[in-house]
Amino acid sequence: MYVRHALTAAATAASVLAVGLAAAAPAQAAEYSSALKIKGVQYDAPGSDSNKCSGGNSKHEYLTIKNYSRTATVDLKGYVVKDAAGNKFTFPATHKLQPGDYIKLRGNYGTDSDAKNVVYRQNCNFIWNNDKDTIYLDKPSGARADVHSYTKKSNDRDGNGYITYHG
């Protein structure tokens, strides 16, 4: 009985340790089973930040989302992009990404275009922080499609405000 109790206690301790290690892992360490992935982010728009709708530069802040499937077309309608603070954008309309295709989600107001691979957030505010943030891409079901955290110091070695995640 002592051996059985000791083995159960050891297994419980190992389980607790495994859960603790999983919780401590960085967000971007997980690989999600999704055709859509965050290809990259221009988190710091060139120039001095100005979220004025006319003359501002929030349209130069963008997130590139790519369909990495070789066969499946993916409709973005209902997909959600959000940051660590909970600011979010939900794709309201059908935007179908063919295999290998991408779309840039830009700040500011504009006309969405499948031909030009662009969707505008219809909001002049910046969404990504210039020093650090986390980018979440969620499926319409609420399941996670992709996530990446960044810090300017660690992830943007050339200092151009752009980070590539999936090539």
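Predicted model only: the values in this text are computed from it and were never measured.

Side note on the side chain of Asp133
Along the polypeptide, Asp133 turns up in strand E9 (residues 132-138). Buried charge Asp133 goes without a salt bridge, the closest partner of opposite sign being Lys132 at 9.4 Å. Among the polar contacts listed, one links the side chain of Asp133 to the backbone nitrogen of Ala84, at a separation of 3.1 Å. For Asp133, the contacting residues outside a window of four places in its chain are Asp83, Ala84, Ile127, Trp128, His148, Ser149 and Tyr150.

Here we look at the sheet that holds E9
If you trace the four strands from one edge of the open sheet to the other, you get E5-E4-E9-E10, paired in antiparallel fashion. Each edge of the sheet is formed by a strand with only one pairing partner; in this case those strands are strand E5 (88-90) and strand E10 (144-151). For this sheet, the mean angle separating the axes of adjacent strands, direction not counted, is 10°. Sheet topology places strand E4 (residues 80-83) next to E9; four bridges connect them, and they run antiparallel. For Val80, the partnering residue across the bridge sits in E9 and is Asp138.

With respect to the pairing of E4
Pairing of E4 with E5, which is carried by three bridges, proceeds in the antiparallel orientation. Residue Val81 lies in a different strand from E5, and its bridge partner there is Phe89.

Quick look at the state of the cysteines
Under the defined criterion, the tally for this structure stands at one disulfide. Between the sulfur of Cys53 and that of Cys124 lies a disulfide, 1.9 Å long from S to S. Disulfide Cys53-Cys124: torsion about the S-S bond near 120°, hence right-handed. Of this pair, Cys53 sits in the loop between strand E1 (36-42) and strand E2 (62-67) while Cys124 sits in the loop between strand E8 (118-120) and E9, and the two are 71 residues apart along the sequence. With relative accessibility at 5%, the residue Cys124 sits in the buried group.

Description of unusual backbone geometry
The backbone of Asn117 shows a phi angle near 55°, a positive value even though the residue is not glycine. One non-glycine residue, Gln122, lies in positive phi territory at about 55°. Inspection of the secondary structure puts Gln122 in the loop between E8 and E9.

What counts, and at which threshold
- Residues numbered from 1 in each chain as written.
- Predicted model: local features only at pLDDT ≥ 70, side-chain atom pairs only at ≥ 80, totals over all residues.
- Heavy atoms only, no water.
- Helix = DSSP H or I, 4+ residues; strand = E, 2+ residues; numbered from the N terminus.
- Buried < 20%, exposed > 50% of the residue type's maximum accessible area, 1.4 Å probe, protein only.
- Lys, Arg positive; Asp, Glu negative; His and termini not counted.
- Salt bridge = Lys/Arg side-chain N within 4 Å of Asp/Glu carboxyl O.
- Polar contact = N/O pair within 3.5 Å; in protein donor to acceptor, adjacent residues only side chain to side chain.
- Contact = heavy atoms within 4.5 Å.
- Pairing = 2+ DSSP bridges.
- Axes fitted to C-alpha atoms, helices over the stretch in contact; angles between N-to-C directions.
- Disulfide = S-S within 2.5 Å.

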